[in-house]
Amino acid sequence: MERRVVVTGMGAVSPLGLDVPTLWQGVKEARSGVGPVTLCDASALESRIAGEVKGFDAQKYMDRKEVRRNDRFIHFAIAATHEALASAELTITPENAEDIGVIIGSGIGGIETFADGLHTLRDKGPGRVSPFLVPAMITNMAAGQVSIQFGLQGPSFCPTSACATAAHAIGEAVETIRRGWAKAIIAGGSEAPITPIGIAAFVSARAISTNNAEPATASRPFDITRDGFVLSEGCALLLLEDLEHAQARGARILAEVVGYGASSDAFHITQPCAGGAGALRAMRLALKHAGLAPGDVDYINAHGTSTLAGDIAETQAIKTLLGERAYQVPVSSSKSQLGHLIGAAGSIEAVITVLALQNGILPPTINLRTPDPECDLDYVPNAARPAAINVAISNSFGFGGHNVSLVFRRHAE
């Protein structure tokens, strides 16, 4: 009998708040977490807006020395793990530590630490480069530090697939539990890319919005006036458990992860293939693995980045998947509120999808004033609304042509 995998805890540090309840309140209120860049001097940059995490104090979770030795993306992961474990009421003990793993990805890792190291090398010479540069910079160290700090001795690694990273992490965690290699896994992604080099690079790639005059409305998926995504930071983690393990300890079950599909466009480094064919394959695979049909889908949390080609391709893929039902199934983009968390996007959107299932509320796509004629689905424009949701898909697509779809089902006791 195949093991079933459920969500029993969640943690988040985001532009809408420092925990999951605050994040969800912001989603329901259709608030934007995007504003002017304050984390670095952006005055010379073409894009000066971002989704920043406000009011975060890493010293609440790590001592001062550890804070200095670790990058911001690692700080976020430690904080989100505390919340995920607390919300799941799971205590790590010598008896269960070997059965609990960590799969946390990052698309970029410690880019601020790396940039600072380059400045030190240039200004002070190689002898002054910190011995902690590498362990603070490499993408796997969010997973590594969470494993060390919390004593988690099960499978631990870091997928990196650009904006599909966190969704890959969740999917691979599900499969690891199904294989019986772990009974529980902390899974998701963490990112802290808001630096001059990070912003400048995405501007040069013509990927991000330069609508500096209207930060709160700059991320506008599916709108005809969209001009790219808004760079953001944060972390979101899910505690995934074997259903029997969760039930045996009396855990509260938030949702079940029933499907995981992954594919590759094999087409272009940044552009989606025609008709969203790769995205379509991922969604179909996820539903197949879930034992569900397109007719079972009640809601789709779209990748919905606010890029010209991406929004159209995803819309086309959804239309092909759902056929005649495409105009009846609500689709929304949480990036309209949060901006794009890159390697953490898939997990924060998974958290929002789980909350939507739990609460029977459709997250909105804000800033949708003038829909693109080629984007003509029900995107839940500008306000959350109630709905009965039993099965939901969460999509994540990354540079390089990586596509991931996750299928969540509401858990009935």
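Below or above, wherever it landed, is the structure these notes cover. Model, not experiment: these values are computed from the prediction.

A short note on the packing of aromatic side chains
Taken as a whole and assessed by the stated rule, the structure comprises four aromatic pairs. With a centroid separation of 5.1 Å and an interplanar angle of 75°, the aromatic rings of F56 and F76 are classed as edge-to-face. Remark: F76 occurs in helix α3 (residues 72-88) and F56 occurs in the loop between β3 (49-50) and α2 (64-69); sequence separation between them is 20 residues. The pair formed by F56 and F76 is uniform in burial state, with each residue classed as buried. Pairing F202 with F229 gives two aromatic rings, centres 5.4 Å apart and planes at 75°, and the pair type is edge-to-face. Of the two residues, F202 sits in helix α8 (residues 196-204) while F229 sits in the loop between α8 and β7 (234-242), which places them 27 residues apart along the sequence. Taken individually, F202 and F229 each receive the classification buried, so the pair is uniform in this respect.

Regarding the environment of I100
By secondary structure assignment, the location of I100 is in strand β4 (residues 100-105). For I100, a relative accessible area of 1% puts it in the buried group. C-alpha of I100 to C-alpha of K60: the two residues are 40 residues apart in sequence and 24 Å apart in space. What I100 contacts, discounting residues up to four positions off in sequence, is L90, I92, L152, Q153, G154 and A184.

Some points on helix α6 (residues 141-150)
For α6, the buried fraction is high: eight of the ten residues fall into the buried class. Taken together, the buried positions of α6 are occupied by M141, A142, A143, G144, Q145, V146, S147 and F150. Those residues of α6 that are buried are in contact with α2, α3, β4, α5 (133-137) and β5 (156-157). Of the residues one or two after α6, G151 is the one with positive phi, at around 70°.

Here we look at the sheet that holds strand β6 (residues 184-191)
Within a sheet, adjacent strands bond to each other through the backbone by hydrogen bonds, running parallel or antiparallel. Overall, mixed pairing links the ten strands, which are arranged β5-β4-β6-β7-β1-β8-β14-β13-β9-β10 in an open sheet. Of all the strands in the sheet, just β5 and β10 (331-332) have a single pairing partner and so form its edges. Across eight bridges, the pairing between strand β1 (residues 5-13) and β7 is antiparallel. Residue G9 lies in a different strand from β7, and its bridge partner there is L239. Against the sheet, α3 engages β1, β6 and β7, with an angle of about 135° to β1. Where helix α7 (residues 165-178) meets the sheet, its contacts fall on β1, β4, β5, β6, β7, β8 (255-264), β13 (391-398) and β14 (402-409), and the angle it forms with β6 comes to roughly 170°.

Quick look at a positive patch on the surface
There is a patch of like positive charges on the surface, built from R64, K65, R68 and R69. Of note, R64 is situated in helix α2.

As for unusual backbone geometry
Although it is not a glycine, R206 sits at a positive phi angle of roughly 55°. You can see R206 is positioned in the loop between α8 and β7. For R206, a relative accessible area of 80% gives the class exposed.

Observations regarding the side chain of S47
In this fold, S47 is placed in the loop between β2 (35-36) and β3. Classification of S47 by relative accessible area gives buried; the value is 1%. Here S209 takes part through its backbone oxygen, which lies 2.8 Å from a polar atom of the side chain of S47. Look past the residues within four positions of S47 in its chain and what remains in contact with it is I199, V203, I208, S209, T210 and N212.

Conventions and cut-offs
Residues numbered from 1 in each chain as written. Predicted model: local features only at pLDDT ≥ 70, side-chain atom pairs only at ≥ 80, totals over all residues. Heavy atoms only, no water. Phe/Tyr/Trp six-rings, centres within 6.5 Å; stacked < 30°, edge-to-face > 60°. Helix = DSSP H or I, 4+ residues; strand = E, 2+ residues; numbered from the N terminus. Buried < 20%, exposed > 50% of the residue type's maximum accessible area, 1.4 Å probe, protein only. Contact = heavy atoms within 4.5 Å. Pairing = 2+ DSSP bridges. Axes fitted to C-alpha atoms, helices over the stretch in contact; angles between N-to-C directions. Patch = residues over 30% accessible without salt bridge, like charges linked within 9 Å, V, L, I, M, F, W, Y side chains within 5 Å. Areas by Shrake-Rupley, 256 points an atom, 1.4 Å probe, with all protein chains shown as cover. Salt bridge = Lys/Arg side-chain N within 4 Å of Asp/Glu carboxyl O. Lys, Arg positive; Asp, Glu negative; His and termini not counted. Charge placed at Lys NZ, Arg CZ, Asp CG, Glu CD. Polar contact = N/O pair within 3.5 Å; in protein donor to acceptor, adjacent residues only side chain to side chain.

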